[in-house]
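# Coordinates in review
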Amino acid sequence: MKMKDSKALLLEYLVSIREPERAASLFAYDGAFELPFLRSLGVEPRYTGRHEITALLRRLLELYPNFAFAPDDVRILIETPDKTFAEYVAHARAAATGRTLHQLFTGYLVAEAGEIKLLRESFNPLAMAQAQLPNGVADIGPPSDVVQSF
């Protein structure tokens, strides 16, 4: 059986996003999922291991019950056997507000031994806040004198 390369792993991950256990099973036992800009919303940016990744994806589906990536909205930009960089769009309705979010993600995936060693995704946290919060970003409150996104 041929080991999955980075592109195949990314595409399978995107297709299985609605099945958290299946999606997390694509990661190495110590694989990491990083969402660096979640920190700007006060949320932990790194999840390590299948258990943490499964919990994160379950939480995502609570926030956006119909969250899914559209196969036609996936663009592979860089591809090697062990690294892939892509853009992909999620279309989802926020459970809290009923607002529809069309969110562009970029993802950098590192594969090792046929599993995901690292998936680092970036997205627009402003769009997420606009979809999730009743008054959009107004609910976040004014910034302090220092604004940090990392």
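Please refer to the structure higher up on the page.
Residues numbered from 1 in each chain as written. Predicted model: local features only at pLDDT ≥ 70, side-chain atom pairs only at ≥ 80, totals over all residues. Heavy atoms only, no water.

On to the pairing of strand 4 (residues 83–93). Direction of pairing for strand 3 (residues 68–79) relative to strand 4: antiparallel, over a ladder of seven bridges. Bridging from a neighbouring strand, Glu 79 pairs with Thr 84 of strand 4. Where strand 3 hands over to strand 4, the hairpin turn is made up of three residues, counted between the paired strands. Sheet topology places strand 4 next to strand 5 (residues 100–112); 11 bridges connect them, and they run antiparallel. From the neighbouring strand, Phe 85 faces strand 5, where its bridge partner is Tyr 108. Taken together, strand 4 and the strand that follows it, strand 5, pair antiparallel across an intervening segment of six residues, in which Gly 98 is found at a positive phi of about 80 degrees. (Pairing = 2+ DSSP bridges. Helix = DSSP H or I, 4+ residues; strand = E, 2+ residues; numbered from the N terminus.)

Our focus in this paragraph is the nonpolar core. Ranked by internal contacts, the top residues of the largest apolar core, which has 37 residues, are Tyr 13, Phe 33, Tyr 64, Phe 67, Tyr 88 and Leu 119. The leading source of residues in this core is helix 3 (residues 49–63), at six residues. Beyond its immediate sequence surroundings of up to four residues, Tyr 13 is in contact with Ala 23, Leu 26, Phe 27, Phe 33, Leu 57, Ile 116, Leu 119 and Glu 121. (Core = buried A, V, L, I, M, F, W, Y, C linked by side-chain atoms within 4.5 Å. Buried < 20%, exposed > 50% of the residue type's maximum accessible area, 1.4 Å probe, protein only. Contact = heavy atoms within 4.5 Å.)

Okay, the side chain of Gln 132 next. In this fold, Gln 132 is placed in helix 4 (residues 125–132). Ignoring sequence-local partners within four residues, the contact set of Gln 132 consists of Leu 63, Tyr 64, Ala 94, Ala 96 and Thr 97.

Moving on to the layout of surface pockets. By volume, the largest pocket amounts to about 510 Å³. Lining the largest pocket are 27 residues, with Leu 38, Leu 60, Leu 63, Phe 123 and Met 128 sitting closest to its centre. Tallying contributions element by element places helix 3 first for the lining of the largest pocket, with five residues. Its residues assigned to classes, the lining of the largest pocket shows 22 nonpolar, three polar and two charged. Taken as a whole, the second largest pocket holds about 310 Å³ of empty space. Ser 40, Leu 41, Pro 125, Leu 126, Ala 129, Val 137, Ile 140, Gly 141, Pro 142, Pro 143, Val 147 and Gln 148 together form the lining of the second largest pocket. (1 Å grid on protein atoms, 1.4 Å probe; cavity = no way out; pocket = protein on both sides within 12 Å on 5 of 7 lines; lining within 4 Å. Points joined across faces, edges and corners; volume = space filled by probe spheres on them. Nonpolar A, V, L, I, M, F, W, Y, C, P; charged D, E, K, R; others polar.)

What follows deals with the sheet that holds strand 3. With mixed pairing, the six strands of this open sheet are ordered in space as 2-1-6-5-4-3. The strands lining the two open edges of the sheet, one partner per strand, are strand 2 (46–48) and strand 3. Direction aside, neighbouring strands of the sheet carry axes that sit 20 degrees apart on average. On the sheet, helix 3 packs against strand 1 (27–34), strand 2, strand 4 and strand 6 (115–123) and is oriented at approximately 45 degrees with respect to strand 1. (Axes fitted to C-alpha atoms, helices over the stretch in contact; angles between N-to-C directions.)

On the surface, a cluster of nonpolar side chains totalling about 250 Å² of accessible area is made up of Leu 126, Val 137 and Ile 140. Looking at the secondary structure, you find Val 137 in the segment after helix 4. Look at Val 137 and you get partly exposed, because its relative accessible area is 33%. (Patch = residues over 30% accessible without salt bridge, like charges linked within 9 Å, V, L, I, M, F, W, Y side chains within 5 Å. Areas by Shrake-Rupley, 256 points an atom, 1.4 Å probe, with all protein chains shown as cover. Salt bridge = Lys/Arg side-chain N within 4 Å of Asp/Glu carboxyl O.)

On to the packing of aromatic side chains, then. One pair of aromatic rings is described through two measures. These are the centre distance and the angle between the planes. Using the criterion set out here, one finds 10 aromatic pairs in the structure. Aromatic side chains Tyr 13 and Phe 27 sit 6.1 Å apart centroid to centroid with 85 degrees between the ring planes, which places their arrangement in the edge-to-face category. Of the two residues, Tyr 13 sits in helix 1 (residues 6–15) while Phe 27 sits in strand 1, which places them 14 residues apart along the sequence. Tyr 13 sits in the buried class, given a relative accessible area of 1%. Between Phe 69 and Tyr 88, the ring centres sit 5.1 Å apart and the planes meet at 90 degrees, which makes this aromatic pair edge-to-face. (Phe/Tyr/Trp six-rings, centres within 6.5 Å; stacked < 30°, edge-to-face > 60°.)

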